[in-house]
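# Coordinates in review
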Amino acid sequence: MNNRGFDKGIKRDFSRSPLLTFWEVTRACDLVCVHCRAEAQPDRDPGELTTQEGIELIDSILGFGDPLPILVLTGGDPLKREDRKSVV
Ligand code: SF4
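Residues numbered from 1 in each chain as written. Predicted model: local features only at pLDDT ≥ 70, side-chain atom pairs only at ≥ 80, totals over all residues.

## With respect to the overall build of the protein
Let me state the cut-off plainly: Numbering of helices and strands runs from the N terminus; a helix is a DSSP stretch of H or I covering at least four residues, while a strand is a stretch of E covering at least two. In this description the radius of gyration comes from C-alpha coordinates, and the expected globular size is given by 2.2 Å times residues to the power 0.38. Here a residue counts as buried when 20 or more other C-beta atoms sit within 10 Å of its C-beta, as exposed when there are 12 or fewer, and as partly exposed otherwise, the C-beta atoms being derived from the backbone.
Each helix and strand counted, the protein has two helices and two strands in total. Secondary structure elements in the protein, listed N-terminal to C-terminal, are β-α-β-α. Whereas a compact globule of 88 residues would reach a radius of gyration of roughly 12 Å, the protein reaches 15 Å, over 25% beyond that. Dimensions along the principal axes, computed over C-alpha positions, put the protein at roughly 45 × 30 × 25 Å. By the burial criterion, 10% of the 88 residues in the protein qualify as buried.

Given below as structure tokens:
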């Protein structure tokens, strides 16, 4: 049995923790589509979380406990972050 909350019988208290969490790790994306919901731009935004801030964000998500929320890393293009291996 996993702890993803999709299995029958696993009760999740949504007043205590979410099922899904999303971190838009960067607004940078080389395609810069005009329809982009993330309002992507060619380079990273200086206001993006640092590596340490990102790790602290992930630690705070761990604080929700079991069953853990699913963390989706999105953007922009997450591959534009030089620290992606550290974050993952
Ligand atoms: S993140 Fe997706 S929608 Fe946005 S610019 Fe890049 S490819 Fe286009």
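## Digging into unusual backbone geometry
A cis amide bond links D66 to the next residue, P67, at an omega of 0°. For P67, the location among the structural elements is in the loop between helix 1 (51-62) and strand 2 (70-75). In this structure, the amide linkage connecting G75 to the following residue, G76, adopts the cis form with an omega of 25°. The topology assignment puts G76 in the loop between strand 2 and helix 2 (84-87). Not every positive phi belongs to a glycine, and V32 is a case in point at roughly 45°. Looking at the element boundaries, V32 is found in the loop between strand 1 (20-26) and helix 1. The exposure class of V32 is partly exposed, given the 13 C-beta atoms found within 10 Å.

## Regarding the environment of L73
Just so we agree on the cut-off: Once C-beta atoms are placed from the backbone, any two residues with those atoms within 7 Å are in contact.
Here L73 lies in strand 2. Taking the C-alpha atoms as reference points, L73 and G47, separated by 26 residues in sequence, lie 17 Å from one another. Contact partners of L73, with chain neighbours within four places excluded, come to W23, V25 and P78.

## Digging into the site of the ligand
Test applied: The criterion for a residue being near a molecule or strand is simple: its C-beta atom, placed using the backbone, must lie within 6 Å of it. When residues are sorted by character, Ala, Val, Leu, Ile, Met, Phe, Trp, Tyr, Cys and Pro go into the nonpolar class, Asp, Glu, Lys and Arg into the charged class, and all the rest, Gly among them, into the polar class.
Residues in contact with the ligand, as listed here, are C29, L31, V32, C33, C36, A38, A40, G75, G76 and D77. Broken down by class, the residue content of the shell around the ligand amounts to seven nonpolar, two polar and one charged.

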